[in-house]
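Listed below are the residues making up each chain.
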There are 2 protein chains.
Amino acid sequence: MPASNRPAAEPQSETGAERLADSLLQQGVDTCFANPGTSEMNFVAALDKRPQMRCVLGLFEGVVTGAADGYARMADKPAATLLHLGPGLANGLANLHNARRARTPMINIVGDHTDAHLVHDAPLTSDIAALAAPMSDWVGRASTAEAVPAEAAEAWRIAAQRTGIATLILPANVAWGRSDAPMPAPLTLAATPRADRDETASIARLLKSGSKTLLLLGGKALRDAPLALLDAIARATGATLMAETFNARFQRGHGRVPVAKLPYPVGMAVQALASYEQVILVGAHAPVAFFEYPDQPGILTPSECRLETFCAPGTDLLASLAALAGHLGIDTEARTPAPTARTNTGVRPVTNDPLTPDTACALIAALLPDDCIVCDESITSGRSFFAQSMNGARHDYLQLTGGSIGIGPPLATGAALACPDRRVVSLQADGSAMYTLQAFWTQAREGLDITTVIFANREYAILRSEMTNLGINHFDDNARRMLTFDQPPLDWVKLAEGHGVEAARATSTRALKDLLQASFRRRGPFLIEAVL
Amino acid sequence: MPASNRPAAEPQSETGAERLADSLLQQGVDTCFANPGTSEMNFVAALDKRPQMRCVLGLFEGVVTGAADGYARMADKPAATLLHLGPGLANGLANLHNARRARTPMINIVGDHTDAHLVHDAPLTSDIAALAAPMSDWVGRASTAEAVPAEAAEAWRIAAQRTGIATLILPANVAWGRSDAPMPAPLTLAATPRADRDETASIARLLKSGSKTLLLLGGKALRDAPLALLDAIARATGATLMAETFNARFQRGHGRVPVAKLPYPVGMAVQALASYEQVILVGAHAPVAFFEYPDQPGILTPSECRLETFCAPGTDLLASLAALAGHLGIDTEARTPAPTARTNTGVRPVTNDPLTPDTACALIAALLPDDCIVCDESITSGRSFFAQSMNGARHDYLQLTGGSIGIGPPLATGAALACPDRRVVSLQADGSAMYTLQAFWTQAREGLDITTVIFANREYAILRSEMTNLGINHFDDNARRMLTFDQPPLDWVKLAEGHGVEAARATSTRALKDLLQASFRRRGPFLIEAVL
């Protein structure tokens, strides 16, 4: 609307878009990952007048939602995303799926046509609410410029309290509509209760029953403080701690409690769980197979195994664990876990021999800077990293949670924005990186301290092993054409440089070591193509 | 399943996946654009035994669906796509949206968990049918290995007869299930009827009424043969021909009927339609604004204008137009349109001056090889190309139909696969190309004769003009950060080379001319970054 068309007589009024931006800011949402289009221009204009909102452009929407996920995992508060109608949302859905599985808080603002224009079925029209629903915990449509601050606050409440995905559709007429109504007061969250007495007593009884017990951990149970309490509980009761296979944020490294993960392959997972008579889920889901296979079980626990949940979502995990420890008579104050020496820092033999996945992982684990953030979408190549880094540098370990590949580069981007003083090390399979390689541009634009190691095996290696499971070891042309991408090889150095990120190639442990160390000493993003 | 687990006693039986592949092949679907995952391995194994199916890997699902669109636009028959569960489908939805708006036939095969596994809500579980519905004309879930051939044939019928998007969800248990039931006979389509006598007489009356009449054309009305008939009808009745703003496939160039397009900007579109008393829609939709703006109309035709449709979807357009011409007493046999000389082939002044969008477009239009295919996602930079190419080389002109940017590189890929003997010229905005740049790898892998010109203006230029419409001419930091991507600049030569495509940069008309001509002489893909 030309400036001259604006109602000059309403000096106090603001647009719906401005009121929405103010609502987000007053709820503490000060980072917006964005890929806007025409229907979002009023919101862009509103943000342009609010420099306190940090706006981060992604050149593809999967970057936007994946970065918002990485940000929130590390900042422990939601970012906003800004997406353009149904197709813009659709491009972000795969990483929304991962974020929902990580229980990441997020607020998506999705522009739409005016309410009046929908009936015309213009070319960009689609059913945004229907597209959002499968990957959202809440979907709303802003109604008026007056009401939008309260509607945005409700989206924030869903995101922050339920740690869920809230999607607010913003019709253009609401964005450009005006209101002089006062802004509502900021929302505050009700205190989260601890697990009730009965639940605590019941879990304590299970732990003291003498049955072979696993505490299966997920979500915020994998942070430093709850892990220390869980370790004390496990030591006192003889229970075992184990993490889920895929975790949103896992605090690890020397001085912290070393916890194994449930293996991914069905047979190994069944074996890992076979001896337990009871499994207590703490922030974890009941363990099921990632995929079902003929003649293999879908449920991974033995059929006679008892499954109980402690601390359902919405309870105060740390206070509940402390109460449980108290109930068990454990003096958690007195317990100071002995500092574990970093065991994998020794000088490794580095050679000019070709890299293997395991030598590359061992080297990365040994060289990790302390207090770094590791984003792991290395799929098959990085299998040995987890064990190799168990007693290494302290780090937050962020995984692909929903199985939708293409989260790594954006996840690293968001994590680095949330923690500008920490190095991010992104372990990245080449096939998976291709889904969201545009994130490298955002890393360059924002000058983020991210070291990406691309494991370049030039195939979907996990699918090769799935074919082997089908009894197919020799590929004819069609399988080769669908499962490998070595012809032509991707040149990751050029792909990174094309996005403005410096890069180099490593074909030996010596080269990888030199490049890793150099990248950790410099500011800004760097990519290493580790040719396997 | 290890080979040893297979039931050895059923030599005649085939898996559901094999029967699905056979059903597609017997309906003439012999091209499958794919990005498979674990749940699709049985189908990959089936395709591996069927070399008559051409399998084309896309390294991102938006490439898969966009290429299937380009293929079908040129082949006039559906391709299959192969996608991995809900997130894989979600990544392809934006270009499915464009394909649906183009009325492109397509059959999506989307793998899913086994029916039994869904209840466990494993990490990759989502509501695939709900995600598919907004961008599909039909969604089905394969039920058994026995029934899947008929279910696939129904998907084909929807795609081929309704020229729509059919999405068939393939649970893993159906894919690995076995059946020895005979294959059903191939489906054939019922003949499409021509428009009935009353409709034809009614439209003829309108054309002879003396009212100022526009024939607004879309879909298959823009092919060579119907255009010749429409031209004869227009000349005989004084009506005007005009194409929709965005068209799936428009046959143009010397010797063909020159037809203008409805402009995109609302004000210009309203003006272009202002004088018409009646608009007859032939394969076109009633013209509405792409977006609604304050104080501008959503419907572009004058309020008193009469809107009528001739040849609704499902009628035989060519036969109906011939009948209409007959009804009007036009001897279409006798009419031989005078060959129009190609008017833009003269030697152009080429200089070392910096390129502008208009000099670049003029040069490309002048140098187009005859019978090429032009894919146009040039957005603002290519605005002048359409007029400049009006009487130039004969070409098929393929546009972004649904407004979801990121179709160009895959569209060109699919078109080139359908027409291996024709050069594809892909006019591509830089911002839009970033959504699906992975298509360049498929172009290299398949050795496709595609010349891509990236118009590198390093901003979302269309959004700058939308901001101007809001009265905002000076960007502060947040608007600049969301609407421009010049810092750092994308290096398109490296991005292309990283995907295995040769590339070079042009900053003058002289360089652009040399590179275009060189690319037209060679085989395989080539990318030119035209720096604006």
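The model shown is predicted, which means the values in this text are computed figures rather than measured ones.

Caption draft 1: A look at the overall build of chain A. In terms of regular secondary structure, chain A is built from 20 helices and 20 strands. On C-alpha atoms alone, chain A measures out to a radius of gyration of 25 Å, which is about the 24 Å that the 2.2 N^0.38 rule sets for 532 residues. By the burial criterion, 58% of the 532 residues in chain A qualify as buried. In chain A, once contacts between residues fewer than 6 apart in sequence are set aside, the share between residues at least 24 apart is 81%.

Caption draft 2: Main features of the sheet that holds strand 14 (residues 306-310) of chain B. All names here are of chain B. Spatially, five strands are ordered 12-10-9-13-14 in an open sheet, and the strand pairing comes out parallel. The open sheet has two edge strands, strand 12 (260-261) and strand 14, and neither has a second partner. Pairing of strand 10 (residues 240-243) with strand 12, which is carried by two bridges, proceeds in the parallel orientation. Note on strand 12: the bridge partner recorded for Ala243 is Lys261. Sheet strands touched by helix 8 (residues 197-207): strand 9 (213-217), strand 13 (278-282) and strand 14. Its angle to strand 14, the strand with the most contacts, is close to 140°. Relative to the sheet, helix 9 (residues 224-237) contacts strand 9, strand 10 and strand 13, its axis offset from that of strand 10 by approximately 140°.

Caption draft 3: Up close: the domain arrangement of chain A. Residue and element names in this part refer to chain A. If you check the domain split of chain A, you get domain 1 (15-179), domain 2 (197-327) and domain 3 (357-531). Centre-to-centre, using C-alpha coordinates, domain 2 lies 29 Å away from domain 3. Residue contributions to the side of domain 2 that touches domain 3 peak at three residues, all from strand 11 (residues 250-252).

Caption draft 4: Highlighting the interface of chain A and chain B. Counting residues at the interface gives 92 residues for chain A and 91 residues for chain B. Looking at which element gives the most residues to the side of chain A that touches chain B, the answer is helix 4 (residues 85-101) of chain A, with eight residues. Looking at the side of chain A that touches chain B residue by residue, the classes come out as 53 nonpolar, 26 polar and 13 charged.

Caption draft 5: Examining the relation of the copies chain A and chain B more closely. In screw terms, the move from chain A to chain B is a rotation of 180° and a rise of 0.0 Å along the axis, fitting with an RMSD of 0.0 Å. In the structure described here, the two chain copies are related by an operation that fits a two-fold rotation axis. An overlap of 99% is found between the interface residues of chain A and their copies at the interface of chain B, pointing to a shared contact surface.

Caption draft 6: Molecular detail of the pairing of strand 17 (residues 424-429) of chain B. All names here are of chain B. Burial of strand 17 is extensive: six of the six residues sit out of reach of the surface. Where burial is concerned, the two faces of strand 17 agree: the one with Val424, Ser426 and Gln428 and the one with Val425, Leu427 and Ala429 are both buried. Relative to strand 17, strand 15 (residues 372-377) is paired through five bridges, and the arrangement is parallel. The partner of Cys375 across the bridge, within strand 17, is Ser426. Both strand 17 and strand 18 (residues 450-456) contribute to a ladder of six bridges, which runs parallel. Among the inter-strand pairings, Val424 is bridged to a residue of strand 18, identified as Ile450.

Caption draft 7: Spotlight on the packing of helix 4 of chain A against helix 4 (residues 85-101) of chain B. Packing of helix 4 of chain A against helix 4 of chain B brings their axes to within 8 Å, and their N-to-C directions diverge by 170°. Accordingly, the angle class assigned to the pair helix 4 of chain A and helix 4 of chain B is roughly antiparallel. In this structure, helix 4 of chain A meets helix 4 of chain B at a crossing whose hand is left-handed. Here A:Gly86, A:Pro87, A:Ala90, A:Asn91, A:Leu93, A:Ala94 and A:His97 of helix 4 of chain A come into contact with helix 4 of chain B, specifically with B:Gly86, B:Pro87, B:Ala90, B:Asn91, B:Leu93, B:Ala94 and B:His97. Partitioned by chemical class, the residues of the contact of helix 4 of chain A with helix 4 of chain B number eight nonpolar, six polar and no charged.

Caption draft 8: Quick peek at the sheet that holds strand 11 (residues 250-252) of chain B. Residues and elements named next belong to chain B. Overall, mixed pairing links the seven strands, which are arranged 11-16-15-17-18-20-19 in an open sheet. Looking at strand neighbours, the two that pair on one side only are strand 11 and strand 19 (502-506), the edges of this open sheet. Strand-to-strand twist in this sheet, taken as the mean axis angle between neighbours without regard to direction, amounts to 20°. Contacts between helix 12 (residues 357-367) and the sheet are confined to strand 17, strand 18 and strand 20 (526-531), with strand 18 contributing the most and set at about 165° to the helix. Strand contacts of helix 14 (residues 408-418): strand 15, strand 16 (395-399), strand 17 and strand 18, with the helix running at about 175° to strand 17, the strand carrying the most contacts.

Caption draft 9: Region of the structure containing unusual backbone geometry. Residues and elements named next belong to chain A. With omega at -10°, the peptide bond leading from Gln487 into Pro488 counts as cis. Tracing the chain through its elements places Pro488 in the loop between helix 18 (477-483) and helix 19 (492-498). We note that Asp121 has phi near 50°; this positive angle belongs to a residue other than glycine. Considering the arrangement of structural elements, one finds Asp121 in the loop between strand 5 (106-112) and helix 5 (128-132).

Here is what the cut-offs are and how they apply
- Residues numbered from 1 in each chain as written.
- Chains lettered and ligands numbered in written order.
- Predicted model: local features only at pLDDT ≥ 70, side-chain atom pairs only at ≥ 80, totals over all residues.
- Helix = DSSP H or I, 4+ residues; strand = E, 2+ residues; numbered from the N terminus.
- Rg over C-alpha atoms; globule rule 2.2 N^0.38 Å.
- Buried ≥ 20, exposed ≤ 12 C-beta atoms within 10 Å, placed from the backbone.
- Contact = placed C-beta atoms within 7 Å.
- Pairing = 2+ DSSP bridges.
- Axes fitted to C-alpha atoms, helices over the stretch in contact; angles between N-to-C directions.
- Domains from an automatic or database assignment.
- Nonpolar A, V, L, I, M, F, W, Y, C, P; charged D, E, K, R; others polar.
- Least-squares fit on C-alpha atoms with pLDDT ≥ 70 in both.
- Parallel < 35°, antiparallel > 145°, perpendicular 65-115°, else oblique.
- Left-handed = near helix turned anticlockwise from the far one by under 90°.

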